[in-house]
Amino acid sequence: GVNIDLLFARLNSASVPPTLDIDNDDILSGVDSATEKSLNGPRVTNLIAALVSGTHERYQTFLTVVRCVRKWAKARGLYSNKMGYWGGVNINIAVALVLQLYPTACPASLLR
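Just so you know, these numbers come straight off a predicted model, no measurement behind them.

What about the environment of Leu28?
Thinking step 1. Looking at the element boundaries, Leu28 is found in the segment before helix 1 (33-52).
Thinking step 2. Leu28 has contacts with Glu36, Leu39 and Arg43, leaving out every residue within four places of it along the chain.

See the structure below:
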C-alpha cells in the first residue's frame, strides 16, 4: 500500500476560489478546530519559507534541504509527531535556523 497524509479543511464557502490565500487570517473565521489544525501546518510552512527566502536561490536551498531531511527521516521511520519524532513543522523550523546561521551555504553543505 501507499501511505498518504491527506489534510481536509471545511471552509464556509460553496466553492474554492482560484485566488484562495490560506495565509490570510480571515480564512480561519468560523471554521471548526479540526479545520484550523489542518490549515495550521501549511500556514506555518509558508510563514517560515517567507522568513528565510531573501532570494529565489535561498528559497530553493530551503526547499531542497527540507525535502532531503524529510526523505531521510521517513526512510528511517523517524518522521512522525505522533510517535515523538520530528514532523514537518519541526523540520522546517530547524532548517530555517540553519539557513539563517549559514545564509550563503549550498544545500549539500547545510546537510553535512
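Regarding the pattern of salt bridges
Thinking step 1. Per the stated rule, a full pass over the model turns up 1 salt bridge.
Thinking step 2. For the salt bridge of Asp25 with Arg43, the shortest nitrogen-to-oxygen distance reads 2.6 Å. Taken as a pair, Asp25 in the segment before helix 1 and Arg43 in helix 1 lie far apart in primary sequence, 18 residues in all.
Thinking step 3. Overall, the relative accessible area of 54% leaves Asp25 in the exposed class.

Details of the packing of helix 2 (residues 56-75) against helix 3 (residues 88-101)
Thinking step 1. Between helix 2 and helix 3, whose axes approach to 10 Å, the crossing angle comes to 135°. In terms of orientation, helix 2 lies oblique with respect to helix 3. As for how helix 2 packs across helix 3, the hand of that crossing is right-handed. Where helix 2 approaches helix 3, its residues Arg58, Thr61, Phe62, Val65, Val66, Val69 and Arg70 are matched on the opposing element by Gly88, Ile91, Asn92, Val95, Ala96, Leu99 and Gln100.
Thinking step 2. Considered class by class, the residues forming the contact of helix 2 with helix 3 number 8 nonpolar, 4 polar and 2 charged.

Each value, and the rule that gives it
Residues numbered from 1 in each chain as written. Predicted model: local features only at pLDDT ≥ 70, side-chain atom pairs only at ≥ 80, totals over all residues. Heavy atoms only, no water. Helix = DSSP H or I, 4+ residues; strand = E, 2+ residues; numbered from the N terminus. Contact = heavy atoms within 4.5 Å. Salt bridge = Lys/Arg side-chain N within 4 Å of Asp/Glu carboxyl O. Buried < 20%, exposed > 50% of the residue type's maximum accessible area, 1.4 Å probe, protein only. Axes fitted to C-alpha atoms, helices over the stretch in contact; angles between N-to-C directions. Parallel < 35°, antiparallel > 145°, perpendicular 65-115°, else oblique. Left-handed = near helix turned anticlockwise from the far one by under 90°. Nonpolar A, V, L, I, M, F, W, Y, C, P; charged D, E, K, R; others polar.

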